[in-house]
Amino acid sequence: MNKLVLLGALALSVLSLPTFADEKPVKIGIEAAYPPFASKAPDGSIVGFDYDIGNALCEEMKVKCVWVEQEFDGLIPALKVRKIDAILSSMSITEDRKKSVDFTNKYYNTPARLVMKAGTQVSDGLAELKGKNIGVQRGSIHERFAREVLAPLGAEIKPYGSQNEIYLDVSAGRLDGTVADATLLDDGFLKTDAGKGFAFVGPAFTDVNYFGDGVGIAVRKGDALKDKINSAIAAIRENGKYKQIQDKYFAFDIYGK
């Protein structure tokens, strides 16, 4: 009888173990070419704000996460065919993307800006961009904005696979400028040696029709993972982990209003 009781107790203890230990890892898609949000360290590891936030969320959810590198324009297709379970790669929440994926609540929000040679005059009407070659990252909201707003004004829009490729051509004079996230441009280009002699020009771009309601994490339509991540975002905002990560990269509140 004692053996039966012992076996029963052991069975109950096994059943009561945290279920996340047996769950499949959550595969998170990221493009590691978008500093300071995500880039590669000299040893080949991924570093950046997005990466740290993702790890904090996984820790909060008590799940194992596996990072999967992918070019930005391939992230949503990879999500749809289940190569990844979520996209955490500075992806803005837009109505167009909502047709394909579900988004969590935002985890940060910054405007888009135009970078060109320092001293270039660009008015709010952007007429000065006629005939200028403007680089944009392929598949990004900035490409759509550039094609629908800047191209009709006479700008020549040049799509690239990554923002780093754009920086090279801006520095070399093959491009007149680029449109991208303001924080990305500031930290990833203007504050570097390659960005010397360049500056923000023209107005900040915040039209929600193009830039959405902030940056969120994309999951497949109807996936319960969305609610788990939302709870985790709220938790790290509340317990101070979010601010700790933010302060590592930025001297301002990147979460926004």
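Report on the accompanying structure. (Residues numbered from 1 in each chain as written. Predicted model: local features only at pLDDT ≥ 70, side-chain atom pairs only at ≥ 80, totals over all residues. Heavy atoms only, no water.)

**A short note on unusual backbone geometry**
Logical step 1: The omega torsion across P35 and P36 is 5°, close enough to zero to call that bond cis.
Logical step 2: When you line up the elements, P36 lands in the loop between β1 (26-30) and β2 (39-40). (Helix = DSSP H or I, 4+ residues; strand = E, 2+ residues; numbered from the N terminus.)

**Considering the state of the cysteines**
Logical step 1: Per the counting criterion, the structure on display carries one disulfide.
Logical step 2: Disulfide partner of C58: C65, at an S-S distance of 1.8 Å. Judged by the sign of its S-S torsion, about -95°, the bond between C58 and C65 is left-handed. Exposure class is identical for C58 and C65. Each is buried. (Disulfide = S-S within 2.5 Å. Buried < 20%, exposed > 50% of the residue type's maximum accessible area, 1.4 Å probe, protein only.)

**What about the pattern of salt bridges?**
Logical step 1: Summed over all chains, the structure comprises 12 salt bridges.
Logical step 2: For K221, the salt bridge is made with D102, and the minimal N-O distance between the two is 3.5 Å. Placement of the pair is K221 in the loop between β12 (215-219) and α9 (225-239) and D102 in strand β6 (residues 102-103), with a sequence separation of 119 residues.
Logical step 3: For K221, a relative accessible area of 48% gives the class partly exposed.
Logical step 4: Classification of D102 by relative accessible area gives buried; the value is 17%.
Logical step 5: Close ionic contact of K191 with D186 constitutes a salt bridge, the shortest N to O distance being 3.5 Å.
Logical step 6: Owing to a relative accessible area of 59%, K191 belongs among the exposed residues under this scheme.
Logical step 7: Of the residues examined, D186 reaches a relative accessible area of 25% and is grouped as partly exposed. (Salt bridge = Lys/Arg side-chain N within 4 Å of Asp/Glu carboxyl O.)

**Examining the side chain of S39**
Logical step 1: Counting through the fold element by element, S39 comes out in strand β2.
Logical step 2: The buried category is assigned to S39, whose relative accessible area is 19%.
Logical step 3: Apart from the residues within four sequence positions on either side, S39 is in contact with A32, A33, S45, I46 and V47. (Contact = heavy atoms within 4.5 Å.)

**A short note on the sheet that holds strand β11 (residues 198-205)**
Logical step 1: Strand order in the open sheet formed by five strands is β9-β8-β10-β7-β11, with mixed pairing between adjacent strands. In this open sheet, the two strands that pair with only one neighbour each are β9 (156-160) and β11. Taken pair by pair, the neighbouring strands of this sheet meet at an average axis angle of 30°, ignoring direction.
Logical step 2: By the bridge criterion, five bridges tie strand β7 (residues 112-117) to strand β10 (residues 177-181) in an arrangement that is antiparallel. (Pairing = 2+ DSSP bridges. Axes fitted to C-alpha atoms, helices over the stretch in contact; angles between N-to-C directions.)

**With respect to the sheet that holds β6**
Logical step 1: Taken in spatial order, the five strands make up an open sheet running β4-β1-β5-β12-β6, and their pairing is mixed. Across the chains shown, the open sheet's two edge strands, defined by having one partner strand only, are β4 (65-69) and β6.

**Some thoughts on the nonpolar core**
Logical step 1: If you look at the biggest cluster of nonpolar residues, it comprises 46 residues, and the most contacted ones within it are F49 and L57.
Logical step 2: Top element by residues in this core is helix α2 (residues 49-61). It accounts for six residues.
Logical step 3: Excluding residues that lie within four positions of it along the chain, F49 makes contacts with P36, F37, Y107, Y108, Y242, I245, Q246, Y249, F250 and I254.
Logical step 4: Residues A112, V122, F205 and F211 belong to the second largest nonpolar core, which totals 19 residues. (Core = buried A, V, L, I, M, F, W, Y, C linked by side-chain atoms within 4.5 Å.)

**Thoughts on the packing of α2 against helix α10 (residues 241-249)**
The angle between the axes and the distance between the axes are what describe a pair of packed helices.
Logical step 1: For the pair α2 and α10, interaxial distance at closest approach is 10 Å and the crossing angle is 165°. Put simply, α2 runs roughly antiparallel to α10. The hand of the α2/α10 crossing is right-handed. Contacts between α2 and α10 involve F49, D52, I53 and A56 from the former and K241, Y242, I245, Q246, K248 and Y249 from the latter.
Logical step 2: Taken together, the residues of the contact of α2 with α10 sort by class into six nonpolar, one polar and three charged. (Parallel < 35°, antiparallel > 145°, perpendicular 65-115°, else oblique. Left-handed = near helix turned anticlockwise from the far one by under 90°. Nonpolar A, V, L, I, M, F, W, Y, C, P; charged D, E, K, R; others polar.)

**Structural notes on α10**
Logical step 1: Every buried residue of α10 is accounted for by Y242, I245 and Q246. In a view along the axis of α10, the buried residues occupy a sector of 100°, so they form one face of it. Opposite its buried face, α10 presents the exposed residues Q244 and K248, each directed more than 90 degrees away.
Logical step 2: As for α10, its buried residues are in contact with α2 and α9. (Arc of directions from axis to C-beta.)

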